[in-house]
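Structural description and commentary
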Amino acid sequence: MDIQEKISANIRTEILSCGKTRREIAEALGVSCPTVSQYVSGRIQPSLATFAKLCAFLGVSADELLGLDER
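A brief structural summary. This structure is a prediction, so every number in the text was calculated from the model and none was measured.

**As for the overall build of the protein**
Helix and strand content of the protein: 5 helices and 0 strands. Secondary structure of the protein in N-to-C order comes out as α-α-α-α-α. Over its C-alpha atoms the protein spans a radius of gyration of 11 Å, differing by no more than 12% from the 11 Å that the globule rule assigns to 71 residues. Taken across its 71 residues, the protein has 34% of its residues classed as buried. Residue pairs at least 24 apart in sequence account for 54% of intrachain contacts in the protein once pairs closer than 6 positions are excluded. When the accessible area of the protein is evaluated, it comes to approximately 4,300 Å², of which 52% is carbon and sulfur surface. Once the 8 positive and 9 negative side-chain charges of the protein are each reduced to a mean point, those two points are 8 Å apart.

Below you can see the structure in the form of structure tokens.
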């Protein structure tokens, strides 16, 4: 698994396990629901600004989502 796939997998895992709806996530990030779905599927990755908002919303560090801080 390359680094992009690992990041996508970490984002997917955190989004699916956070207990929030895609609509709630989308509203918090300022993106559309289909965009959140694309993050989950790994088709696209968030911009740096959106990535920072996603980390704050999910309550995880960037290192965790990037796979630099294994839990």
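**A word on the environment of G19**
Inspection of the secondary structure assignment puts G19 in the loop between α1 (3-17) and α2 (22-29). Taking the C-alpha atoms as reference points, G19 and L58, separated by 39 residues in sequence, lie 9.7 Å from one another.

**Comments concerning the side chain of S8**
Note that S8 resides in helix α1. Setting aside residues up to four positions removed in sequence, S8 forms contacts with G42 and Q45.

Criteria and cut-off values
- Within each chain, residue numbers correspond to sequence positions counted from 1 in written order.
- Side-chain atom pairs in this predicted model are given and counted only at pLDDT of 80 or more, local residue features only at pLDDT of at least 70, and totals for whole chains, interfaces and linings cover all residues.
- To get the side-chain values, all heavy atoms of the structure are used, and hydrogens and water are removed first.
- The way it works is that DSSP assigns letters per residue, a run of H or I at least four long becomes a helix, a run of E at least two long becomes a strand, and they are numbered from the N terminus.
- In this setup the radius of gyration rests on C-alpha atoms only. A globule is expected at 2.2 Å times the number of residues raised to 0.38.
- For every residue, the accessible area obtained with a 1.4 Å probe (protein chains only) is divided by the maximum for its type, and the residue is called buried under 20%, exposed over 50%, and partly exposed between those limits.
- Should any heavy atoms of two residues lie within 4.5 Å, those residues are counted as being in contact.
- Areas reported as accessible are Shrake-Rupley estimates using a 1.4 Å probe. Residue values count occlusion only from the protein chains shown.
- A residue counts as positive if it is Lys or Arg and as negative if it is Asp or Glu; His and the chain ends are not included.
- The location of each charge is read from NZ of Lys, CZ of Arg, CG of Asp or CD of Glu.

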